Amino acid sequence: MNINVYTESTPNPATMKFIVNKLLINGSVDYATKESAEKSPFAKELFKFSFVNGVFFASNFVTVTKTEGSDWNDLEPILKEFVKGAVESELAVQLKEQEEVAFEGTDAEIKIQQILQDYVRPAVEQDGGAITYKSFNEGVVTVELRGSCSGCPSSTITLKSGIENLLKRMVPEVTEVVSEAM
């Protein structure tokens, strides 16, 4: 198979999405630090570049967060070539596959998790990020934003205007959505 890599900018100016024509991982995984990448040969190699500050994988893309002061015009061709080579040589995203977690909790919690999975996750992944359900307590849904969503200037707007409004409409028990800091 001939591997093609193309890039998309994300709402977060510090991240770039590198999309390939092959499935890299079922689900998503975030490596916010070099130390966290120990079980990912692919991420470990990316962190060898001095300008890489974070790596996030989902379905058919990898989102790379660059260090401050680096310029995407210089980095993009280097990373495109690296990603192409890594995918062609089948460099593993994870040494051990994560297991799918079933939704659990009250009826409201299960409904919230299902909405996040079906409606929110695909939209967030389009921008190179991921959202994880953490908890639901006294009307407040707590989520974790990763990938390009972590630290993105527009993530608060997305959280409040998009996700919170959607959940309030679909699950009357929801009064607020907040993001847990990583």
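Residues numbered from 1 in each chain as written. Predicted model: local features only at pLDDT ≥ 70, side-chain atom pairs only at ≥ 80, totals over all residues. Heavy atoms only, no water.

Draft legend 1. Spotlight on the overall build of the protein. Helices and strands together make up the secondary structure of the protein, namely 4 helices and 8 strands. Counting helices and strands in the order they occur from the N terminus, the protein gives β-β-β-α-β-β-α-α-β-β-α-β. Against the 2.2 N^0.38 benchmark of 16 Å for 182 residues, the protein shows a C-alpha radius of gyration of 17 Å, consistent with a compact globule. Projecting the C-alpha coordinates of the protein onto the three principal axes gives extents of approximately 50 × 35 × 30 Å. Evaluated residue by residue, the protein yields a buried proportion of 44% over its 182 residues. Contacts in the protein between residues far apart in sequence, at least 24 positions, make up 60% of those at least 6 positions apart. Accessible area for the protein stands at about 9800 Å²; split by element, carbon and sulfur atoms hold 49% of it. (Helix = DSSP H or I, 4+ residues; strand = E, 2+ residues; numbered from the N terminus. Rg over C-alpha atoms; globule rule 2.2 N^0.38 Å. Buried < 20%, exposed > 50% of the residue type's maximum accessible area, 1.4 Å probe, protein only. Contact = heavy atoms within 4.5 Å. Areas by Shrake-Rupley, 256 points an atom, 1.4 Å probe, with all protein chains shown as cover.)

Draft legend 2. Spotlight on the side chain of T63. Summarising the element assignment, T63 is placed in strand 5 (residues 61-66). Exposure remark for T63: the relative accessible area of 1% places this residue in the buried category. Excluding residues within four positions of it along the chain, T63 makes contact with T15, M16, K17, G54, V55, F56, G128 and S148.

Draft legend 3. Expanded view of the packing of aromatic side chains. Under the counting rule described, the total for this entry stands at 7 aromatic pairs. Here F49 and F51 contribute two aromatic rings whose centre-to-centre distance is 5.2 Å and whose plane-to-plane angle is 25 degrees, an arrangement assigned as stacked. Given the relative accessible area of 22%, F49 is considered partly exposed. Classification of F51 by relative accessible area gives buried; the value is 12%. On the basis of an interplanar angle of 85 degrees and a centroid distance of 5.5 Å, the ring pair of F49 and F82 is categorised as edge-to-face. Linking F49 in the loop between helix 1 (41-46) and strand 4 (52-58) with F82 in helix 2 (residues 72-88), this pair joins segments that are 33 residues apart in sequence. An aromatic cluster of at least three residues, connected via ring pairs, comprises Y31, F42, F49, F51, F57 and F82. (Phe/Tyr/Trp six-rings, centres within 6.5 Å; stacked < 30°, edge-to-face > 60°.)

Draft legend 4. Quick peek at the sheet that holds strand 7 (residues 140-147). Here 3 strands make up an open sheet; going across it, the order is 6-7-8 and the pairing mixed. Two strands bound the open sheet, and with one partner strand each, they are strand 6 (129-137) and strand 8 (176-179). Averaged over all pairs of adjacent strands, the angle between their axes in this sheet comes to 30 degrees, without regard to strand direction. Where strand 7 meets strand 8, 4 bridges bridge the pair, whose relative direction is parallel. (Pairing = 2+ DSSP bridges. Axes fitted to C-alpha atoms, helices over the stretch in contact; angles between N-to-C directions.)

Draft legend 5. Geometry of the environment of I19. Residue position: I19 is located in strand 2 (residues 15-20). Note on I19: relative accessible area 5%, which makes it buried. Contacts of I19, omitting those with residues within four sequence positions, involve N4, V5, Y6, E8, N60 and F61.

Draft legend 6. Representation of the confidence of the model for the protein in the model. Scored by pLDDT, the protein comes out at a mean of 88, with 96% of its residues at no less than 70. Taken element by element, the protein is modelled with least confidence in helix 4 (residues 155-170), mean pLDDT 84, and with most confidence in strand 2, mean pLDDT 96. (pLDDT = per-residue confidence, 0-100.)

Draft legend 7. Representation of the packing of helix 3 (residues 107-126) against helix 4 in the model. In contact at an axis separation of 11 Å, helix 3 and helix 4 are set at 130 degrees when each is read in the N-to-C sense. By the angle between their axes, helix 3 is oblique relative to helix 4. Two packed elements cross with a definite hand, and for helix 3 against helix 4 that hand is right-handed. Residues K111, I112, I115, L116, Y119 and V120 of helix 3 form the contact with helix 4, whose own contacting residues are I163, L166, L167 and M170. (Parallel < 35°, antiparallel > 145°, perpendicular 65-115°, else oblique. Left-handed = near helix turned anticlockwise from the far one by under 90°.)

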